[in-house]
Amino acid sequence: MPAKVIVVMSPKGGVGKTTTSVNLATAISELNKKTLLIDANLETPHVAIYYGFVGFKYSLEDVLNERTKIENAIYTGDNPNFHLLPSRVTKRGENKLSHKLIQINAYIEKLKGRYDFIIIDSRPSYDIDFIKLIKDANSLIISNPDITSIIEAKKLKEELEDANLNVLGLVINKVNSRIKDQMTEKETRDLMEIKNVWKIREDNKVYNALKVGIPLVLSSPKSFAAKDIINIAKQLTKI
Ligand SMILES: Nc1ncnc2c1ncn2[C@@H]1O[C@H](COP(=O)(O)OP(=O)(O)O)[C@@H](O)[C@H]1O
Ligand SMILES: [Mg+2]
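Procedures and definitions
- Residues numbered from 1 in each chain as written.
- Chains lettered and ligands numbered in written order.
- Predicted model: local features only at pLDDT ≥ 70, side-chain atom pairs only at ≥ 80, totals over all residues.
- Heavy atoms only, no water.
- Helix = DSSP H or I, 4+ residues; strand = E, 2+ residues; numbered from the N terminus.
- Rg over C-alpha atoms; globule rule 2.2 N^0.38 Å.
- Buried < 20%, exposed > 50% of the residue type's maximum accessible area, 1.4 Å probe, protein only.
- Contact = heavy atoms within 4.5 Å.
- Near = heavy atom within 4 Å.
- Polar contact = N/O pair within 3.5 Å; in protein donor to acceptor, adjacent residues only side chain to side chain.
- Pairing = 2+ DSSP bridges.
- Axes fitted to C-alpha atoms, helices over the stretch in contact; angles between N-to-C directions.
- Parallel < 35°, antiparallel > 145°, perpendicular 65-115°, else oblique.
- Left-handed = near helix turned anticlockwise from the far one by under 90°.
- Nonpolar A, V, L, I, M, F, W, Y, C, P; charged D, E, K, R; others polar.
- Salt bridge = Lys/Arg side-chain N within 4 Å of Asp/Glu carboxyl O.
- Right-handed = clockwise from strand over helix to strand, strands pointing away.
- Core = buried A, V, L, I, M, F, W, Y, C linked by side-chain atoms within 4.5 Å.

1. Comments concerning the overall build of the protein
Here comes step 1: Of the regular secondary structure elements, the protein holds ten helices and eight strands.
Here comes step 2: Over its C-alpha atoms the protein spans a radius of gyration of 17 Å, differing by no more than 12% from the 18 Å that the globule rule assigns to 239 residues.
Here comes step 3: The principal-axis extent of the C-alpha atoms belonging to the protein is close to 50 × 40 × 40 Å.
Here comes step 4: The buried share of the protein, reckoned over its 239 residues, is 53%.
Here comes step 5: Pairs at least 24 apart in sequence give 77% of the contacts found in the protein among residues at least 6 apart.

Listed below in C-alpha coordinates is the structure:
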(Lines give C-alpha, C1' and ligand atoms only; values in the text may rest on other atoms or scores of the structure.)
(Ligands and ions follow the chains in the order given, each with its own letter.)
Protein backbone atom coordinates (compact mmCIF):
# COMPACT_ATOMS: atom_id res chain seq x y z
CA MET A 1 0.00 0.00 0.00
CA PRO A 2 1.35 3.47 -0.80
CA ALA A 3 1.96 5.79 2.13
CA LYS A 4 -0.91 7.71 3.64
CA VAL A 5 0.00 11.37 3.16
CA ILE A 6 -1.16 13.76 5.88
CA VAL A 7 -0.71 17.51 5.53
CA VAL A 8 -0.95 19.25 8.92
CA MET A 9 -2.71 22.56 8.38
CA SER A 10 -4.08 25.55 10.23
CA PRO A 11 -5.47 28.89 9.19
CA LYS A 12 -3.32 30.68 11.78
CA GLY A 13 0.27 30.49 12.98
CA GLY A 14 1.22 29.62 16.54
CA VAL A 15 -1.59 27.12 17.14
CA GLY A 16 0.73 24.11 17.38
CA LYS A 17 1.06 22.82 13.84
CA THR A 18 4.77 22.04 14.10
CA THR A 19 4.47 20.61 17.62
CA THR A 20 1.70 18.31 16.39
CA SER A 21 3.46 17.32 13.14
CA VAL A 22 6.69 16.43 14.93
CA ASN A 23 5.11 14.48 17.75
CA LEU A 24 2.54 12.70 15.61
CA ALA A 25 5.18 11.60 13.10
CA THR A 26 7.42 10.41 15.93
CA ALA A 27 4.57 8.62 17.73
CA ILE A 28 3.41 6.92 14.51
CA SER A 29 6.96 5.70 13.82
CA GLU A 30 7.08 4.32 17.37
CA LEU A 31 3.99 2.27 16.46
CA ASN A 32 6.21 0.46 13.99
CA LYS A 33 5.02 2.34 10.92
CA LYS A 34 7.63 3.61 8.52
CA THR A 35 7.19 7.37 8.64
CA LEU A 36 8.66 10.30 6.76
CA LEU A 37 8.24 13.81 8.19
CA ILE A 38 8.69 16.64 5.68
CA ASP A 39 9.16 20.25 6.71
CA ALA A 40 7.46 22.07 3.84
CA ASN A 41 7.14 25.34 5.73
CA LEU A 42 9.87 27.09 3.79
CA GLU A 43 9.30 30.51 5.35
CA THR A 44 9.50 29.45 9.01
CA PRO A 45 10.96 25.93 9.05
CA HIS A 46 11.43 24.74 12.62
CA VAL A 47 10.94 20.99 12.49
CA ALA A 48 14.64 20.08 12.72
CA ILE A 49 14.99 22.16 15.89
CA TYR A 50 12.45 19.91 17.61
CA TYR A 51 14.91 17.04 17.07
CA GLY A 52 17.93 19.10 18.16
CA PHE A 53 19.10 18.51 14.61
CA VAL A 54 21.31 21.31 13.34
CA GLY A 55 24.15 21.50 10.87
CA PHE A 56 22.67 19.06 8.39
CA LYS A 57 24.20 19.14 4.94
CA TYR A 58 21.19 18.98 2.63
CA SER A 59 17.61 20.14 3.03
CA LEU A 60 14.38 20.33 1.05
CA GLU A 61 15.66 23.58 -0.50
CA ASP A 62 18.64 21.73 -1.97
CA VAL A 63 16.32 19.08 -3.38
CA LEU A 64 13.98 21.66 -4.95
CA ASN A 65 16.99 23.52 -6.34
CA GLU A 66 18.24 20.24 -7.78
CA ARG A 67 21.50 20.54 -5.89
CA THR A 68 21.18 17.01 -4.56
CA LYS A 69 19.12 13.85 -4.82
CA ILE A 70 16.25 13.60 -2.34
CA GLU A 71 17.84 10.55 -0.70
CA ASN A 72 20.71 12.77 0.50
CA ALA A 73 18.33 15.11 2.32
CA ILE A 74 16.50 12.39 4.23
CA TYR A 75 17.90 11.64 7.68
CA THR A 76 17.25 8.99 10.28
CA GLY A 77 18.12 8.56 13.96
CA ASP A 78 17.82 5.88 16.61
CA ASN A 79 14.50 4.63 15.31
CA PRO A 80 14.96 3.32 11.75
CA ASN A 81 11.20 3.74 11.17
CA PHE A 82 11.51 7.50 11.40
CA HIS A 83 12.91 9.61 8.58
CA LEU A 84 13.14 13.40 8.36
CA LEU A 85 13.35 15.69 5.34
CA PRO A 86 14.13 19.07 6.93
CA SER A 87 14.12 22.63 5.64
CA ARG A 88 16.74 25.14 6.59
CA VAL A 89 16.16 28.31 8.58
CA THR A 90 17.19 31.18 6.33
CA LYS A 91 17.19 34.94 6.66
CA ARG A 92 13.89 36.61 5.99
CA GLY A 93 13.26 36.99 2.27
CA GLU A 94 16.18 34.74 1.42
CA ASN A 95 14.01 31.77 0.75
CA LYS A 96 12.18 32.49 -2.46
CA LEU A 97 11.59 28.89 -3.28
CA SER A 98 7.86 28.65 -2.70
CA HIS A 99 7.19 28.49 -6.42
CA LYS A 100 9.40 25.40 -6.60
CA LEU A 101 7.16 23.56 -4.14
CA ILE A 102 5.12 22.70 -7.21
CA GLN A 103 7.63 19.91 -7.81
CA ILE A 104 7.01 18.35 -4.42
CA ASN A 105 4.33 16.00 -5.69
CA ALA A 106 6.74 14.26 -8.04
CA TYR A 107 9.11 13.60 -5.12
CA ILE A 108 6.32 12.41 -2.86
CA GLU A 109 5.04 10.05 -5.53
CA LYS A 110 8.53 8.56 -5.72
CA LEU A 111 8.70 8.08 -1.95
CA LYS A 112 5.18 6.76 -1.33
CA GLY A 113 6.15 3.14 -1.87
CA ARG A 114 8.80 3.30 0.85
CA TYR A 115 6.64 4.54 3.75
CA ASP A 116 3.42 3.82 5.61
CA PHE A 117 2.95 7.50 6.50
CA ILE A 118 4.25 10.77 5.08
CA ILE A 119 3.48 13.67 7.43
CA ILE A 120 3.96 17.19 6.10
CA ASP A 121 4.24 20.34 8.21
CA SER A 122 2.99 23.20 6.04
CA ARG A 123 2.84 26.95 6.34
CA PRO A 124 -0.08 28.65 8.06
CA SER A 125 -2.57 30.14 5.66
CA TYR A 126 -5.82 29.71 3.89
CA ASP A 127 -3.81 29.08 0.82
CA ILE A 128 -4.83 25.51 0.07
CA ASP A 129 -2.92 25.55 -3.20
CA PHE A 130 -0.12 23.66 -1.51
CA ILE A 131 -2.17 20.62 -0.48
CA LYS A 132 -3.83 20.64 -3.90
CA LEU A 133 -0.40 19.93 -5.40
CA ILE A 134 -0.16 16.61 -3.60
CA LYS A 135 -2.03 13.68 -5.05
CA ASP A 136 -4.37 11.87 -2.61
CA ALA A 137 -3.28 14.03 0.32
CA ASN A 138 -5.31 14.06 3.53
CA SER A 139 -5.48 17.10 5.77
CA LEU A 140 -5.44 17.36 9.53
CA ILE A 141 -6.54 20.74 10.85
CA ILE A 142 -5.02 22.19 14.02
CA SER A 143 -6.87 24.78 16.06
CA ASN A 144 -6.93 26.20 19.57
CA PRO A 145 -9.98 26.04 21.86
CA ASP A 146 -11.14 29.63 21.36
CA ILE A 147 -14.06 30.60 19.20
CA THR A 148 -12.08 32.71 16.73
CA SER A 149 -9.64 29.90 16.11
CA ILE A 150 -12.47 27.38 15.64
CA ILE A 151 -14.32 29.70 13.23
CA GLU A 152 -11.17 30.00 11.12
CA ALA A 153 -10.70 26.23 11.27
CA LYS A 154 -14.28 25.75 10.06
CA LYS A 155 -13.66 28.06 7.11
CA LEU A 156 -10.53 26.10 6.25
CA LYS A 157 -12.43 22.79 6.50
CA GLU A 158 -15.15 24.06 4.17
CA GLU A 159 -12.62 25.32 1.69
CA LEU A 160 -10.82 21.97 1.72
CA GLU A 161 -14.07 20.06 1.25
CA ASP A 162 -15.16 22.37 -1.57
CA ALA A 163 -11.92 21.42 -3.29
CA ASN A 164 -12.75 17.71 -2.73
CA LEU A 165 -9.84 17.26 -0.33
CA ASN A 166 -10.14 14.74 2.48
CA VAL A 167 -10.23 16.17 6.02
CA LEU A 168 -9.21 13.48 8.53
CA GLY A 169 -10.22 15.52 11.53
CA LEU A 170 -9.61 18.47 13.78
CA VAL A 171 -7.07 18.64 16.58
CA ILE A 172 -7.81 21.19 19.30
CA ASN A 173 -4.44 21.99 20.82
CA LYS A 174 -3.65 23.73 24.12
CA VAL A 175 -6.80 22.54 25.91
CA ASN A 176 -6.72 23.67 29.54
CA SER A 177 -9.45 22.44 31.88
CA ARG A 178 -8.73 25.26 34.34
CA ILE A 179 -9.89 27.79 31.77
CA LYS A 180 -13.61 27.28 32.01
CA ASP A 181 -14.75 29.17 28.94
CA GLN A 182 -12.71 27.28 26.39
CA MET A 183 -14.78 25.58 23.67
CA THR A 184 -15.53 21.96 24.60
CA GLU A 185 -14.99 19.04 22.24
CA LYS A 186 -18.76 18.68 21.81
CA GLU A 187 -19.32 22.38 21.07
CA THR A 188 -16.48 22.21 18.57
CA ARG A 189 -17.76 19.06 16.90
CA ASP A 190 -21.24 20.58 16.55
CA LEU A 191 -19.95 23.88 15.20
CA MET A 192 -17.44 22.31 12.84
CA GLU A 193 -19.75 19.50 11.65
CA ILE A 194 -16.80 17.16 11.75
CA LYS A 195 -16.65 13.56 13.01
CA ASN A 196 -13.12 13.29 14.33
CA VAL A 197 -12.25 15.88 16.94
CA TRP A 198 -9.18 15.18 19.06
CA LYS A 199 -7.60 17.25 21.80
CA ILE A 200 -4.10 17.91 23.00
CA ARG A 201 -3.83 19.39 26.46
CA GLU A 202 -1.79 22.47 27.21
CA ASP A 203 1.40 21.23 28.79
CA ASN A 204 4.55 23.03 29.94
CA LYS A 205 6.57 19.92 29.10
CA VAL A 206 6.25 21.01 25.44
CA TYR A 207 8.81 23.73 26.17
CA ASN A 208 11.16 21.31 27.88
CA ALA A 209 11.04 18.99 24.86
CA LEU A 210 12.03 21.87 22.60
CA LYS A 211 14.83 22.87 24.91
CA VAL A 212 16.34 19.39 25.04
CA GLY A 213 15.72 18.79 21.33
CA ILE A 214 13.82 15.53 21.84
CA PRO A 215 10.16 15.27 20.78
CA LEU A 216 7.76 15.32 23.72
CA VAL A 217 6.41 11.83 23.02
CA LEU A 218 9.95 10.50 23.63
CA SER A 219 11.26 12.92 26.26
CA SER A 220 8.10 12.95 28.43
CA PRO A 221 5.86 10.14 27.16
CA LYS A 222 3.70 10.24 30.30
CA SER A 223 2.96 13.97 30.06
CA PHE A 224 -0.62 15.01 29.31
CA ALA A 225 0.13 16.32 25.84
CA ALA A 226 2.24 13.29 24.90
CA LYS A 227 -0.53 10.90 25.97
CA ASP A 228 -3.03 12.85 23.87
CA ILE A 229 -0.75 12.81 20.82
CA ILE A 230 0.01 9.10 21.18
CA ASN A 231 -3.76 8.52 21.29
CA ILE A 232 -4.24 10.50 18.05
CA ALA A 233 -1.36 8.59 16.43
CA LYS A 234 -3.07 5.28 17.30
CA GLN A 235 -6.38 6.48 15.85
CA LEU A 236 -4.71 7.72 12.66
CA THR A 237 -3.12 4.33 12.06
CA LYS A 238 -6.63 2.86 12.10
CA ILE A 239 -8.44 5.22 9.70
N1 LIG B 1 -0.03 21.54 23.85
C2 LIG B 1 0.76 22.58 24.07
N3 LIG B 1 0.96 23.05 25.32
C4 LIG B 1 1.76 24.10 25.57
N5 LIG B 1 2.40 24.79 24.61
C6 LIG B 1 2.25 24.40 23.33
C7 LIG B 1 1.42 23.29 22.99
N8 LIG B 1 1.47 23.14 21.63
C9 LIG B 1 2.29 24.11 21.16
N10 LIG B 1 2.75 24.87 22.17
C11 LIG B 1 3.63 26.06 22.05
O12 LIG B 1 2.98 27.02 21.24
C13 LIG B 1 3.89 27.67 20.37
C14 LIG B 1 3.47 27.50 18.93
O15 LIG B 1 3.55 26.14 18.58
P16 LIG B 1 4.02 25.69 17.12
O17 LIG B 1 3.92 24.20 17.09
O18 LIG B 1 5.31 26.30 16.75
O19 LIG B 1 2.84 26.34 16.25
P20 LIG B 1 2.72 26.58 14.67
O21 LIG B 1 3.59 25.59 13.98
O22 LIG B 1 1.26 26.39 14.40
O23 LIG B 1 3.15 28.00 14.41
C24 LIG B 1 5.26 27.08 20.68
O25 LIG B 1 5.93 27.91 21.60
C26 LIG B 1 4.93 25.74 21.31
O27 LIG B 1 5.95 25.30 22.18
MG1 LIG C 1 5.18 25.93 12.62
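2. Some details on the site of ligand 1
Here comes step 1: Around ligand 1 there are 17 residues in total, and Gly14, Lys17, Thr18, Thr19 and Asn173 lie nearest to it.
Here comes step 2: Between ligand 1 and the protein, one listed contact pairs an oxygen atom with a backbone N or O atom of Val15 at 3.2 Å.
Here comes step 3: Between ligand 1 and the protein, one listed contact pairs a nitrogen atom with a backbone N or O atom of Asp203 at 2.9 Å.

3. Looking at the environment of Pro124
Here comes step 1: Secondary-structure assignment places Pro124 in the loop between strand E5 (117-121) and helix H5 (129-133).
Here comes step 2: Exposure remark for Pro124: the relative accessible area of 32% places this residue in the partly exposed category.
Here comes step 3: Spatially, the C-alpha atoms of Pro124 and Pro11 are 5.5 Å apart, while their sequence positions differ by 113 residues.
Here comes step 4: Beyond its immediate stretch of four places on either side in the chain, Pro124 contacts Ser10, Lys12, Gly13, Lys17 and Asn41.

4. Observations regarding the sheet that holds E5
Here comes step 1: The eight strands are arranged E3-E4-E2-E5-E1-E6-E7-E8 in an open sheet whose pairing can be described as mixed. The open sheet has two edge strands, strand E3 (75-76) and strand E8 (197-201), and neither has a second partner.
Here comes step 2: Taken together, the five bridges between strand E7 (residues 166-175) and E8 define a ladder with parallel strand orientation. Residue pairing across strands places Asn173 opposite Ile200, the latter belonging to E8.
Here comes step 3: Strands in contact with helix H6 (residues 147-162) are strand E1 (4-9), strand E6 (138-143) and E7; relative to E6, the strand with the most contacts, it is inclined by about 170°.

5. Side note on the packing of helix H1 (residues 17-30) against helix H10 (residues 224-236)
Here comes step 1: Orientation of H1 relative to H10, taken along the N-to-C sense of each, is 60°, at an axis distance of 9 Å. Regarding the angle of H1 to H10, the classification is oblique. As for the relative orientation of H1 and H10, their crossing is right-handed in sense. Only Ile229, Ile230, Ile232, Ala233 and Leu236 of H10 make contact with H1, whose side of the interface consists of Asn23, Leu24, Ala27 and Ile28.
Here comes step 2: Looking at the contact of H1 with H10 residue by residue, the classes come out as eight nonpolar, one polar and no charged.

6. A short note on the pattern of salt bridges
Here comes step 1: Summed over all chains, the structure comprises 15 salt bridges.
Here comes step 2: Asp62 is paired through a salt bridge with Arg67; the nearest N and O atoms lie 2.8 Å apart.
Here comes step 3: Measuring nitrogen to oxygen at the nearest pair gives 2.9 Å for the salt bridge that ties Arg201 to Asp228. Of this pair, Arg201 sits in strand E8 while Asp228 sits in helix H10, placing them 27 residues apart in sequence.
Here comes step 4: Judged by relative accessible area, which is 26%, Arg201 ranks as partly exposed.
Here comes step 5: Through salt bridges that share partners, Asp62, Arg67 and Arg88 make up one connected network.

7. Observations concerning the pairing of E7
Here comes step 1: Counting buried positions along E7 yields eight of ten residues, so the element is predominantly enclosed.
Here comes step 2: As paired strands, E6 and E7 are joined by six bridges and run parallel to one another. The residue bridging Ser143 from the neighbouring strand is Ile172, located in E7.
Here comes step 3: For the segment spanning E6, H6 and E7, crossover handedness is right-handed.
Here comes step 4: As a crossover connection, the stretch from E7 through helix H7 (residues 185-192) into E8 is right-handed.

8. Notes on the nonpolar core
Here comes step 1: By size, the foremost hydrophobic cluster in this structure holds 43 residues, and its most contacted members are Ile38, Leu60, Ile104, Ile118, Ile120, Ile134 and Leu160.
Here comes step 2: Residues Val8, Tyr51, Ala209 and Leu236 belong to the second largest nonpolar core, which totals 31 residues.

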